[in-house]
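Working through the structure, step by step
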Amino acid sequence: MKKTVTSWSFPHCDLKESVGLSKLLSINAIDIGYFYKSAIDKKTLLKDYSRIINDLQKFDIEYSNLYHLFGDSLGDRNLANKDSLDENSKDIETASKFCKELGIRSIFVLPGIINKNQSRKDAFINSANSLKKLRDICDKNSVELLFEPHVHSYLESPEQTLELIQETDGMKIVLDYAHFVCIGWNQYQIDILSEHAGHVHLRQAKPGFLQTKLDEGTINFPAVLGKLKEVGYDKYLSIEYVHQDYMMTLYEDVLTETIKMRDLINNWKGE
């Protein structure tokens, strides 16, 4: 298992500075996305991604994952809204070609929300159909499409996440225990998802709090890492502390908590 960080963890750094922090911390890999000062420009990527590739290839670092958001918010063009599928398909075609050329092996997307006049079941059906079509597009470009169950989506339980995995013929997920822990699921209930992980986000959490200091939360990370080892997970561990105006995630020292999580991983691995 290799360590990485998320570019959106450092919203006031540009991407060059975020890359520099990853190198300074001896992590040497970074997930990229479309948010904050550390973003890559989505409009440019969709219009002429060669310009972005030329810029990114100047940095001597591994790009571990692309977080692709189709619209400008969680609701805009979300996957549970079937009316957006054609537009989303065009975008994922371009994004997956970009990833293939840059050597990024996976893209993650969000499963969608419960839209107007929808039930959770309706959202599930629409999202599953969207994910299967988008997955097939990514497969043609040898890039793995992943989805992330998250709080405020229609997909907020380990059980329903397993149902979606089954419905999409075994699609892998981005596993972040924090999204389940903050709404009351315990670690044993979440562990069943570990064998379906294609990418992992790590940050501490506790009931009612999506993010908290490593020493103040309830997630047993040595147990998480041990479970991932048990199921044969050998991909990236992405440290994802954030500074966002979302669910009270403005109050941790992101750099300190990133270092503490890095050290926890290193100690567990015996490095």
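What comes next concerns the included structure. (Residues numbered from 1 in each chain as written. Predicted model: local features only at pLDDT ≥ 70, side-chain atom pairs only at ≥ 80, totals over all residues. Heavy atoms only, no water.)

**Looking at the side chain of Lys-3**
Among the secondary structure elements, Lys-3 is positioned in strand 1 (residues 2-6). With relative accessibility at 12%, the residue Lys-3 sits in the buried group. Other than its neighbours up to four places away in sequence, Lys-3 contacts Ile-27, Ala-29, Tyr-236, Leu-237, Arg-262, Ile-265, Asn-266 and Glu-271. (Helix = DSSP H or I, 4+ residues; strand = E, 2+ residues; numbered from the N terminus. Buried < 20%, exposed > 50% of the residue type's maximum accessible area, 1.4 Å probe, protein only. Contact = heavy atoms within 4.5 Å.)

**Quick notes on the pattern of salt bridges**
One pass over the structure, following the stated rule, counts 16 salt bridges. Lys-2 is the partner of Glu-62 in a salt bridge, and the nearest nitrogen-oxygen pair spans 3.6 Å. Separated by 60 residues along the polypeptide, Glu-62 in strand 3 (residues 62-67) and Lys-2 in strand 1 bring together distant segments of the chain. Relative accessible area serves as the criterion here: at 40%, Lys-2 is assigned to the partly exposed category. Each of Arg-135, Asp-136, Asp-139 and Asp-169 takes part in salt bridges that share partners, so that together they form one network. (Salt bridge = Lys/Arg side-chain N within 4 Å of Asp/Glu carboxyl O.)

**With respect to unusual backbone geometry**
A negative phi angle is the norm for most residues apart from glycine, just as the trans form is the norm for most peptide bonds. A positive phi is found at Arg-77, a non-glycine position, where the angle reads about 55°. When you line up the elements, Arg-77 lands in the loop between strand 3 and helix 4 (85-102). Overall, Arg-77 belongs to the buried group, its relative accessible area being 17%. Look at Asp-169: it is not a glycine, yet its phi comes out positive at around 60°. Relative to the helices and strands, Asp-169 is located in the loop between helix 6 (158-167) and strand 6 (173-175).

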